[in-house]
Amino acid sequence: MNLFGTTLDGAQIAGLVGLLATLALWLIVLGRERGYAKWFRQWEADRKARLEAETGVTPEQKRDPTGPWG
């Protein structure tokens, strides 16, 4: 096989295949980790909302902005 003017033997081709497989595996793991982090943030927000609803705590009301820029 010829790549960029260099002839590659079997070991080099196997190394490239292994490197590409490792990259693909890393991208899959990264995607799953991001999905888990998104799920966990949503779960934590839901849990906090349920806890506040059970205890009767209301979220702070937004105040009208005051000051020179408000």
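In this report, we go over the structure that sits alongside the text. (Residues numbered from 1 in each chain as written. Predicted model: local features only at pLDDT ≥ 70, side-chain atom pairs only at ≥ 80, totals over all residues. Heavy atoms only, no water.)

## Observations regarding the overall build of the chain
Alright, step 1. Across its full length, the chain holds 1 helix and 2 strands.
Alright, step 2. Beginning at the N terminus, the succession of helices and strands in the chain can be written as β-β-α.
Alright, step 3. When the 70 residues of the chain are sorted by exposure, 1% land in the buried category.
Alright, step 4. As displayed, the chain has an accessible area near 6,900 Å², and 63% of this comes from carbon and sulfur atoms. (Helix = DSSP H or I, 4+ residues; strand = E, 2+ residues; numbered from the N terminus. Buried < 20%, exposed > 50% of the residue type's maximum accessible area, 1.4 Å probe, protein only. Areas by Shrake-Rupley, 256 points an atom, 1.4 Å probe, with all protein chains shown as cover.)

## With respect to the packing of aromatic side chains
Alright, step 1. Scanning the model with the defined rule gives 4 aromatic pairs in all.
Alright, step 2. Pairing Phe-40 with Trp-43 gives two aromatic rings, centres 5.6 Å apart and planes at 35 degrees, and the pair type is tilted. Of the two residues, Phe-40 and Trp-43 are both situated in helix H1 (residues 10-55); the distance of 3 residues between them amounts to about one turn of the helix.
Alright, step 3. On the accessibility criterion, Phe-40 (35% relative accessible area) is partly exposed.
Alright, step 4. Linked through ring pairs, Tyr-36, Trp-39, Phe-40 and Trp-43 together constitute an aromatic cluster. (Phe/Tyr/Trp six-rings, centres within 6.5 Å; stacked < 30°, edge-to-face > 60°.)

## Description of the pattern of salt bridges
Alright, step 1. This structure, assessed with the given rule, holds 1 salt bridge.
Alright, step 2. Between Glu-44 and Arg-47 there is a salt bridge; the shortest N-O distance is 2.6 Å. In this pair, Glu-44 and Arg-47 both sit in helix H1, 3 residues apart, roughly one turn of the helix. (Salt bridge = Lys/Arg side-chain N within 4 Å of Asp/Glu carboxyl O.)

## Comments concerning H1
Alright, step 1. Here H1 contains 46 residues, and its C-alpha end-to-end distance of 67 Å stays within 8% of the 68 Å for a straight helix at 1.5 Å per residue.
Alright, step 2. Gly-56 sits one or two positions beyond H1 and adopts a positive phi of about 85 degrees. (Expected span 1.5 Å × (residues − 1).)

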